[in-house]
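If you want the building blocks of each chain, they are given just below.
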Amino acid sequence: MTSRVNRRTALGLGTAATAGAVLGGAPASAAARPGKSAAAAASPELVAPRIAAAFQREKALTGGNWQVHLSLENGVTPLVAVSESADRRVEAYSVNKIAVAVAVLDRIDRGLLTLDQRVEVAASTVVPGGDGIFVLDTAYPSAVTVGHVLANLLTVSDDTASRLCGLVCPAAEINRTLVAKGFPNTQVQPLSEPHRFYLGTSTAREMHALLRALVAGTLLSPSSTALVLKLLRAPVAFTDGIRRTMSSAERARVATKAGWFVDARHEAGVVFDTTGAAVLTYVLFADGQADRDNFGATHPVVQARARLGRFFLDATAQLRGTADAPRHRVARQRPSNGG
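Quick notes on the rules
- Residues numbered from 1 in each chain as written.
- Predicted model: local features only at pLDDT ≥ 70, side-chain atom pairs only at ≥ 80, totals over all residues.
- Heavy atoms only, no water.
- Helix = DSSP H or I, 4+ residues; strand = E, 2+ residues; numbered from the N terminus.
- Buried < 20%, exposed > 50% of the residue type's maximum accessible area, 1.4 Å probe, protein only.
- Areas by Shrake-Rupley, 256 points an atom, 1.4 Å probe, with all protein chains shown as cover.
- Pairing = 2+ DSSP bridges.
- Contact = heavy atoms within 4.5 Å.
- Axes fitted to C-alpha atoms, helices over the stretch in contact; angles between N-to-C directions.
- Polar contact = N/O pair within 3.5 Å; in protein donor to acceptor, adjacent residues only side chain to side chain.
- Arc of directions from axis to C-beta.
- Salt bridge = Lys/Arg side-chain N within 4 Å of Asp/Glu carboxyl O.

J.: For this particular structure, what's the right way to read the overall build of the protein chain?
T.: When helices and strands are counted, the protein chain shows 13 helices and ten strands. Evaluated residue by residue, the protein chain yields a buried proportion of 49% over its 339 residues. Carbon and sulfur atoms form 54% of the exposed surface of the protein chain, whose accessible area is close to 15,000 Å².

Dropping the structure here:
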């Protein structure tokens, strides 16, 4: 019995981590499943330690570096379940596309830009070999609307869409907008060409605050807020991580954005209850793990996030957002057979 306790302690699990495990231990895959006890919890205070234990399990399995801030809604002040290296400024990669979209939509909210404004897609603008749709077009120049650019930016995480955002909102303005909104660490990295930038940095705590402000409706206008959340919850948005092991209806309750580059595998987002109120906000920045050249669903961190996503949904099943919280309901989307 002593060796068993020491092993749990060494992995950072503690007693809460064993809530769903059988006595004598269980395989890692079974331990990562929530079990009935997770779904039975009906208060943030009961759910938080289970969330923390699940995260520690996955961290022990994957190794590497994690910068994390994760909270449950609990009235005015969120209840923090996990906060590790949350103030370390890191390369946020494509998670920062949320911040870029915020700056572009802020211009729209101020009447300086419109969603139907046309943007030219020149061959020189397209990122060669990049992720997304624009690189697949093979016919340039073409023209799209700002709305089309944002849809590609936040769903399929199109790399060329970042450059197109820069054409309508220069890097310096993106950074000024984010500082003015209270996010000095969430900044793109300007290049010599003022309309070009690398996606830049953030911290887990600051990205968490940005997501909560977005959901609360204090970051953008109601229409711009609804657009961002619609895109992040769309069926075509990222499904390899947090949303992987979910039904289509369940996926629609999770707004998420992933970012991957070099050895980093990041994801940040919000889980909503069935009424459209936020119940859980997560920022999971991770780097330094094995298999750095694998950008697919079998990367160890992406697999860990898939297990955590299922756990998050089940563990918060009985929770409800605060009574006065904004509701962001999702119109059910169905596949089409053409016509």
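J.: I would appreciate a short explanation of the sheet that holds strand β7 (residues 197-202) in the present structure.
T.: The strands making up a sheet associate through backbone hydrogen bonding, with each pair oriented either parallel or antiparallel. Ordered by their spatial adjacency, three strands build an open sheet running β3-β7-β6, and the pairing between neighbours is antiparallel. On the outer flanks of this sheet lie β3 (90-91) and β6 (187-190), each paired with one strand and no other. Pairing of β6 with β7, which is carried by three bridges, proceeds in the antiparallel orientation. In the sheet register, proline 190 faces β7, and the bridge partner there is phenylalanine 197. Sitting on the sheet, helix α9 (residues 171-180) touches β6 and β7, and the angle it makes with β6 is about 155°.

J.: Before we go on, may I ask you to explain the pairing of strand β2 (residues 79-84) in this structure?
T.: Sheet faces and side chains relate simply in a regular strand, where the side chains alternate between the two faces. By the bridge criterion, five bridges tie strand β1 (residues 65-72) to β2 in an arrangement that is antiparallel. Looking at the pairing, valine 68 lines up with glutamate 84 of β2. Remark: six residues form the turn of the hairpin made by β1 and β2, two consecutive strands paired antiparallel; glycine 75 in that turn has positive phi of roughly 85°.

J.: Before we go on, may I ask you to explain the side chain of threonine 256 in this structure?
T.: Checked against the element boundaries, threonine 256 lands in strand β8 (residues 254-261). In terms of polar contacts, threonine 256 uses its side chain to reach the side chain of glutamate 267, at 2.7 Å. Excluding residues that lie within four positions of it along the chain, threonine 256 makes contacts with Leu232, Phe238, Arg243, Glu267, Ala268, Gly269 and Tyr282.

J.: Where do I start with the pairing of strand β10 (residues 278-287) in this structure?
T.: With ten of ten residues buried, β10 is to be regarded as a mostly interior element. The turn linking strand β9 (residues 264-272) back onto β10 is made up of five residues, and glycine 276 within it adopts a positive phi angle of 95°.

J.: Any chance you could explain helix α11 (residues 222-232) here in plain terms?
T.: Among all positions of α11, only Ser224, Thr225, Val228, Leu229, Leu231 and Leu232 are buried. The buried residues of α11 occupy an angular sector of 160° when the element is viewed end-on, so they sit on one face. Exposed residues lying more than 90 degrees from the buried face of α11 are Pro222, Ser223 and Lys230. Against the buried residues of α11 lie α5 (97-109), α7 (146-154), α10 (204-216), β8 and β9.

J.: Before we go on, may I ask you to explain the pattern of salt bridges in this structure?
T.: Summed over all chains, the structure comprises twelve salt bridges. Salt-bridge contacts for arginine 205 lead to aspartate 87; the nearest nitrogen and oxygen are separated by 2.6 Å. Of this pair, arginine 205 sits in helix α10 while aspartate 87 sits in the loop between β2 and β3; the two residues are 118 residues apart in sequence, bridging distant segments of the chain. Look at arginine 205 and you get partly exposed, because its relative accessible area is 37%. The closest approach of N and O atoms between arginine 310 and glutamate 250, which form a salt bridge, is 2.9 Å. Placement of arginine 310 in helix α13 (residues 300-315) and of glutamate 250 in helix α12 (residues 248-251) is noted, with a sequence separation of 60 residues between them. Counted as one network, the salt bridges with shared partners bring together Asp106, Arg107, Arg110, Glu173 and Lys181.

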